[in-house]
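Residue-level structure breakdown
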Amino acid sequence: MLDIAIIGSGPAGLSAAINGVIRNKKVKVFGNSPKSSYLSKAEKIDNYLGMIGVSGEEMIDQFVSHANEMGVEFHSGKVLQIFQMDDYYTLNVDNEFIDTKTIILANGIVNNKSIKGENEFLGKGVSYCATCDGPLYKGKTTVLVGDSEMAEEDVNYLAEVCETVYYIPLYKNFKKVDPRVKIIYDKPVEIEGEKIVKSLQLKDTKLDVDGVFIIKESIPTTQLLNGIEIIDKAIKVNQHMETNLKGVYAAGDCTGRPFQVAKAVGQGTTAALQAVTYLHKNS
């Protein structure tokens, strides 16, 4: 059982992790490589105290180096869903289940837009993980909607399992797609069915399928953790970075503007210290 699970490996997540480790808590960071952060693409940063003129890549390298030096643990894999238990939470990380006493959401700016029917059919034919659920569709017909190159590994896996696989890439210049996959250049409109998924309605056509896989770079927070309060597309927090759920905190860009590194680092520190206080009170 973890003391603190941190979702996101950008400045807010790394700051939270360092402070959690300093307070002798069992901490783990879940998310993509820190170098995939938007920060790494910044050419020059002049408004972060003590690091004038540094590039985003250099800054994130220093943050990661600091975290590694402190012994912060990283877990590769996407958090698909978080389940609230009685007095702890369970993370589904690519179908591996990990328990934690507290959570810090530092998952950045997340696109909360979903396909009509996506939420209603989640677990009833809609999945966010081909590795986890692909075997359920052996010999069947599936479609995968992907918003980035990372979805190609998933659709290629489905091609090995399913009889027919359609792929709808929502990005340009896809690279390595299995020749057995049927690529569709269209826009998904609605997932349809009764008790389970039956079809995917596109703008110009309709696909009869047994399952719909949606592979996004990041899962919308409201789908990640049921009941989390959102205001203006941002996680609602108070000055202590507390959300409306006990033991759950948020920090960084996911809490809204301003989108600044200094703010993210400060909020990450606050969230970690508040999580520590929560743990001491409930130990």
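These notes cover the structure that comes with them. All values derive from a computational prediction rather than experimental measurement. (Residues numbered from 1 in each chain as written. Predicted model: local features only at pLDDT ≥ 70, side-chain atom pairs only at ≥ 80, totals over all residues. Heavy atoms only, no water.)

1. Notes on the overall build of the protein
For clarity, the threshold we go by: Helix and strand assignments follow DSSP, with helices taken as H or I runs no shorter than four residues and strands as E runs no shorter than two, numbered in order from the N terminus. Based on C-alpha atoms, the radius of gyration is set beside the globule rule, defined as 2.2 Å times the residue count to the power 0.38. Accessible area is worked out with a 1.4 Å probe on protein chains only. A residue is then buried under 20% of its type maximum, exposed over 50%, and partly exposed in between.
The secondary structure content of the protein amounts to six helices and 17 strands. In terms of overall size, the protein behaves like a compact globule, its C-alpha atoms giving a radius of gyration of 20 Å where 283 residues would be expected to give roughly 19 Å. Once the C-alpha set of the protein is aligned to its principal axes, its extents read approximately 55 × 45 × 35 Å. In the protein, buried positions account for 52% of the 283 residues.

2. Let's talk about the pairing of strand 4 (residues 79-84)
To keep it simple, the criterion reads: Following DSSP output, two strands are said to pair if at least two bridges run between them.
Where strand 4 and strand 5 (residues 89-93) come together, five bridges link them in antiparallel fashion. Looking at strand 5, one finds that Q81 is bridged to N92. Joining the antiparallel neighbours strand 4 and strand 5 is a turn of four residues.

3. Focus on a positive patch on the surface
What counts, and what does not: Two joining distances apply to patches: 9 Å for like charges and 5 Å for nonpolar side chains (Val, Leu, Ile, Met, Phe, Trp, Tyr), and every residue must have over 30% relative accessible area and no salt bridge. Under the convention used here, a 1.4 Å probe and the Shrake-Rupley method define accessible areas, while residue burial counts only the protein chains that appear. Any Lys or Arg side-chain nitrogen located within 4 Å of an Asp or Glu carboxyl oxygen qualifies as a salt bridge. Positive residues here are Lys and Arg, negative ones are Asp and Glu, while His and the chain termini are left out of the count. Charged side chains are reduced to one point each, which is NZ for Lys, CZ for Arg, CG for Asp and CD for Glu.
A surface patch of like charges, here positive, comprises K113, K187, K203 and K233. As for its placement among the helices and strands, K233 is situated in the loop between strand 15 (230-231) and strand 16 (234-235). Of the residues examined, K233 reaches a relative accessible area of 75% and is grouped as exposed.

4. Quick look at helix 6 (residues 261-281)
The following threshold applies: A helix is expected to reach a length of 1.5 Å times the quantity of its residues less one. Residues are treated as being in contact if the distance between any of their heavy atoms lies within 4.5 Å.
Spanning 21 residues, helix 6 covers 30 Å between terminal C-alpha atoms, matching the ideal 30 Å at 1.5 Å per step. V261, K263, A264, V265, Q267, G268, A271, A272, A275, V276, Y278 and L279 are the residues of helix 6 that are buried. As for helix 6, its buried residues are in contact with strand 1 (2-7), helix 1 (11-22), helix 2 (56-69), strand 6 (96-105) and strand 17 (248-250).

5. What about the nonpolar core?
The line we're drawing: Here, nonpolar core refers to any group of buried Ala, Val, Leu, Ile, Met, Phe, Trp, Tyr and Cys residues whose side-chain atoms link them within 4.5 Å.
Residues I7, F30, I82, L91, L105 and I191 are the most contacted members of the largest nonpolar core, which totals 41 residues. Beyond its immediate stretch of four places on either side in the chain, I191 contacts I115, K116, G117, E118, F121, V126, V197, S199, L200, V212 and I214. One finds V54, F63, M241 and A271 within the second-largest nonpolar core, a separate group that totals 35 residues.

6. Considerations on helix 1
Here helix 1 spans 17 Å end to end across twelve residues, near enough to the 16 Å set by a 1.5 Å rise per residue. Among the twelve residues that make up helix 1, eleven are buried, leaving the element largely enclosed by the rest of the structure. On its buried face, helix 1 sits against strand 1, strand 2 (27-30), helix 2, strand 3 (73-75), strand 6 and helix 6. Phi turns positive, to about 65 degrees, at N24, one or two residues after helix 1.

7. A closer look at the pattern of salt bridges
Note that side chains of opposite charge can pair when their charged atoms are close. Here the structure, examined in full by the defined rule, presents seven salt bridges. A salt bridge links E118 to K216; the shortest N-O distance between them is 3.1 Å. Of the two residues, E118 is situated in the loop between strand 6 and strand 7 (126-127) and K216 in the loop between strand 14 (211-215) and helix 5 (221-224); the sequence distance between them amounts to 98 residues. Under the relative-accessibility criterion, E118 is labelled buried at 0%.

8. Quick look at the environment of E43
By the secondary structure assignment, E43 is in the loop between strand 2 and helix 2. Along the sequence, E43 and V276 sit 233 residues apart, while their C-alpha atoms lie 35 Å from each other.

9. Considerations on unusual backbone geometry
Cis geometry marks the peptide bond from R257 to P258; its omega dihedral reads 0 degrees. At N95, a position not held by glycine, the phi torsion is positive, near 75 degrees. Following the sequence through the fold, N95 ends up in the loop between strand 5 and strand 6.

10. Some words on the packing of helix 1 against helix 6
What counts is decided by this rule: Helix axes are fitted only over the stretch in contact, all axes being lines through C-alpha atoms; the angle between N-to-C directions runs from 0 to 180 degrees. It is the rotation of the near helix from the far one that decides the hand of a crossing: anticlockwise by less than a right angle makes it left-handed, clockwise makes it right-handed.
Their axes nearest at 7 Å, the elements helix 1 and helix 6 cross at an angle of 35 degrees. Crossing geometry of helix 1 relative to helix 6 is assigned as right-handed. Taking contact as the criterion, the partners of P11, A12, S15, A16, N19 and G20 in helix 1 are, on helix 6, V261, A264, V265, G268, T269 and A272.

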